[in-house]
Amino acid sequence: MKTIIEPFRIKAVEPIRMTTHAERTAILERAAYNLFAIPSRDVLIDLLTDSGAAAMSAEQWAALQRGDESYAGSPSFERFEAAVKALMPFRHVIPTHQGRAAEAILFSLIGGPGKLVPSNTHFDTTRGNIEATGAEALDLLPDAARDPRARLPFKGDMDLARLEDTLKRDGHRVPCVMMTITNNAGGGQPASLANIHAAAAIARKYAKPFIIDGCRFAENAWFIKTREPGQHDRAIPDIVRDIFSCAEGMTMSAKKDAFGNIGGWLALNDDALAEAARARLILTEGFPTYGGLAGRDLEALAQGLSEIVDEDYLRYRIRANEYIGERLIAAGVPIVEPVGGHAVFLDAKAMLPHIPPLRYPGQSLAVALYEEGGVRGCEIGTVMFGRKPDGSEQPAALELVRLAMPRRVYTQSHADYLIETIIAVHERREGLRGMRITQEPKALRHFTARFAFVSD
Ligand code: F0G
């Protein structure tokens, strides 16, 4: 059969409250045009994030009942640890309440003023945690990957030449080399197995630990299996183990590719660093056999890790986004190509050339999608990345709107509705106006900034 179906049946449902265009106009005004400020009951299709928004399986709900809530030595931790190690063979697995807690612990230990942390692309919380210690976060994405229309299979690769240059020139400042798979900020694009191994080899040559941000590891493994020569016949868990075997550690948000509604971990091979991390964990998260999580969360994650590497799931997952992408391209809507693993990214710069970057075309587009169809996406552009630590503002490399797909939540008719909404906004794009920020915090401003339309 050619049709790829959702490989599950639905037995618990959550109603969607329908809203009118006029209601949404008023809701936007009340939220000062920040989509993070809109109550989720006022959203029809919520694509703000794929993080923590997954539908759990019947087996995960069953596993919750098994949760052992002992403060120390819970068997739920043993099952969680075994499930992580089955895919990511690190010596130490340290549970945290989510990915950023793992980042905060790691960089509180190895960051600090004057340090420099290179990566293919850091996500915003990773960058935020690095910069909070006084260190510098450096993105080393290849130039070709910056072109939203370049149809390359692995646009999440590390620029190996620039990594080597950085280590040659500034190696004394570098505490570790990071790699994000898939690359979220740059469009959900995967890194190839060859590139991951090559980046790890360069890090090893300069005696730097290689740390993977593994949030969307299963989606990345699926792209390796389907796009990389020689990988087609390998099982997904085998590819996953291959990816992580070349690293000395990982940070993880289990809210992505572990089907968790909450959770994360820091995994390390270095005994001394792990001991220091556990000491910090006890201060900030909890005892090392639960971290920031309940025993039942650990059980749900252990089960989720066995489901996320299922090929029927991954085939459907990646195809669902491709389906949306194909229809948008056919309608002339500019998107990041090829479509990423967890999201479809609209190219606001190409769609709205009349709105300059410092008038936030991505924000304007995200607002229009909500008003048109109650669809909530997320600006990934100058609002998110434009404010520099010294207070200056610069245009981001890309002006995108991310439509991130929660796992196992929406169906194909939701996808068709989404496509219709985007095309309707695209047809009236020349009437969209730029925006300005009327109020913003010092860091991570996209979460709480307030906006207004500009008339120029
Ligand atoms: N790394 C990447 C690549 C991420 O995408 C995220 C979260 C994190 C780290 C932090 O994990 O949320 O569990 O603390 N990304 C979410 C998103 C928020 O919407 O893409 P966390």
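What counts and how
Residues numbered from 1 in each chain as written. Predicted model: local features only at pLDDT ≥ 70, side-chain atom pairs only at ≥ 80, totals over all residues. Heavy atoms only, no water. Domains from an automatic or database assignment. Contact = heavy atoms within 4.5 Å. Buried area = accessible area lost by both parts, 1.4 Å probe. Salt bridge = Lys/Arg side-chain N within 4 Å of Asp/Glu carboxyl O. Near = heavy atom within 4 Å. Polar contact = N/O pair within 3.5 Å; in protein donor to acceptor, adjacent residues only side chain to side chain. Areas by Shrake-Rupley, 256 points an atom, 1.4 Å probe, with all protein chains shown as cover. Nonpolar A, V, L, I, M, F, W, Y, C, P; charged D, E, K, R; others polar. Helix = DSSP H or I, 4+ residues; strand = E, 2+ residues; numbered from the N terminus. Expected span 1.5 Å × (residues − 1). Buried < 20%, exposed > 50% of the residue type's maximum accessible area, 1.4 Å probe, protein only. Arc of directions from axis to C-beta. Pairing = 2+ DSSP bridges. Axes fitted to C-alpha atoms, helices over the stretch in contact; angles between N-to-C directions. Phe/Tyr/Trp six-rings, centres within 6.5 Å; stacked < 30°, edge-to-face > 60°. Lys NZ or Arg CZ within 6 Å of the ring centre and 35° of its normal. Parallel < 35°, antiparallel > 145°, perpendicular 65-115°, else oblique. Left-handed = near helix turned anticlockwise from the far one by under 90°.

1. Considerations on the domain arrangement of the chain
Each assigned domain of the chain is listed here: domain 1 (21-50 + 311-453) and domain 2 (58-307). Relative to domain 2, the C-alpha centre of domain 1 lies at a distance of 26 Å. Counting from both sides, the interface comprises 33 residues of domain 1 and, opposite them, 31 residues of domain 2. Carbon and sulfur atoms make up 57% of the surface buried where domain 1 meets domain 2, a total of about 2800 Å² over both sides. Across the pair E337 and R151 runs a salt bridge whose closest N-O atoms are separated by 2.8 Å.

2. Re the site of the ligand
Contacts to the ligand come from 17 residues, most closely from T49, R100, D213, S253 and K256. Taking Q98, its side chain carries an N or O atom lying 3.0 Å from an oxygen atom of the ligand. At 2.6 Å from a nitrogen atom of the ligand is found a side-chain nitrogen or oxygen belonging to D213. In isolation the ligand has 470 Å² of accessible area, and contact with the protein removes 94% of it. Split into classes, the residues belonging to the shell around the ligand amount to two nonpolar, eight polar and seven charged.

3. Let's talk about helix α16 (residues 412-427)
Counted at 1.5 Å a residue, the expected span for α16 with its 16 residues is 22 Å, and the 23 Å between its end C-alpha atoms agrees. Of the positions making up α16, those classed as buried are A415, L418, I419, T421, I422, V425 and H426. Projected onto a plane normal to the axis of α16, the buried residues spread over an arc of 165° and lie on a single side. In α16, the exposed positions angled more than 90 degrees off the buried face are occupied by S413, E420 and E427.

4. As for the side chain of N183
Considering the arrangement of structural elements, one finds N183 in the loop between β5 (177-180) and α7 (193-205). Accessibility expressed as a relative area gives 0% for N183, which makes it buried. Residues within four places of N183 in sequence aside, it is in contact with N120, T121, L141, K155, G156, G188 and Q189.

5. Here's the deal with the sheet that holds strand β7 (residues 249-253)
Sheets are built from strands that pair by backbone hydrogen bonding, the pairs being arranged parallel or antiparallel. Reading across from one edge, β2-β8-β7-β6-β5 is the order of the five strands in this open sheet, with mixed pairing throughout. Single-partner strands in this sheet number two, and they are β2 (92-96) and β5. If you compare each strand with its neighbour and ignore which way they point, the axes differ by 15° on average. Across five bridges, the pairing between β2 and strand β8 (residues 264-268) is antiparallel. Paired with I94 across the bridge in β8 is L266. Lying over the sheet, helix α3 (residues 75-87) contacts β2 and β8, oriented at roughly 120° with respect to β2.

6. Some remarks on the packing of aromatic side chains
Counting across every chain of the model gives twelve aromatic pairs. Taken together, a centroid distance of 5.0 Å and an interplanar angle of 75° make the contact between F36 and F447 edge-to-face. Linking F36 in the loop between α1 (21-30) and β1 (45-46) with F447 in the loop between β13 (435-439) and β14 (450-453), this pair joins segments that are 411 residues apart in sequence. Relative accessible area serves as the criterion here: at 31%, F36 is assigned to the partly exposed category. An angle of 45° between the planes, with centres 6.2 Å apart, marks the rings of F77 and F80 as tilted. With F77 and F80 both in helix α3 and three residues apart, this pair spans about one turn of that helix. As far as the burial class goes, F77 and F80 line up, both buried. Each member of the aromatic cluster is reached from another via a ring pair, and the members are F8, F259, Y313 and Y316. Above the ring of F259, the side-chain terminus of R408 is found at 3.5 Å from the ring centroid. Over the ring of F453 we find R433; its NZ or CZ atom is 4.6 Å from the centre of that ring.

7. Re the packing of α7 against helix α9 (residues 236-245)
At their nearest, the axes of α7 and α9 sit 9 Å apart, and the two run at 20° to each other. When the interaxial angle is binned, α7 and α9 end up roughly parallel. Between α7 and α9 lies a crossing whose hand is left-handed. Where α7 abuts α9, its residues L193, I196 and H197 lie against D242, I243 and S245. Each residue belonging to the contact of α7 with α9 can be placed in one class, and the counts come to three nonpolar, two polar and one charged.

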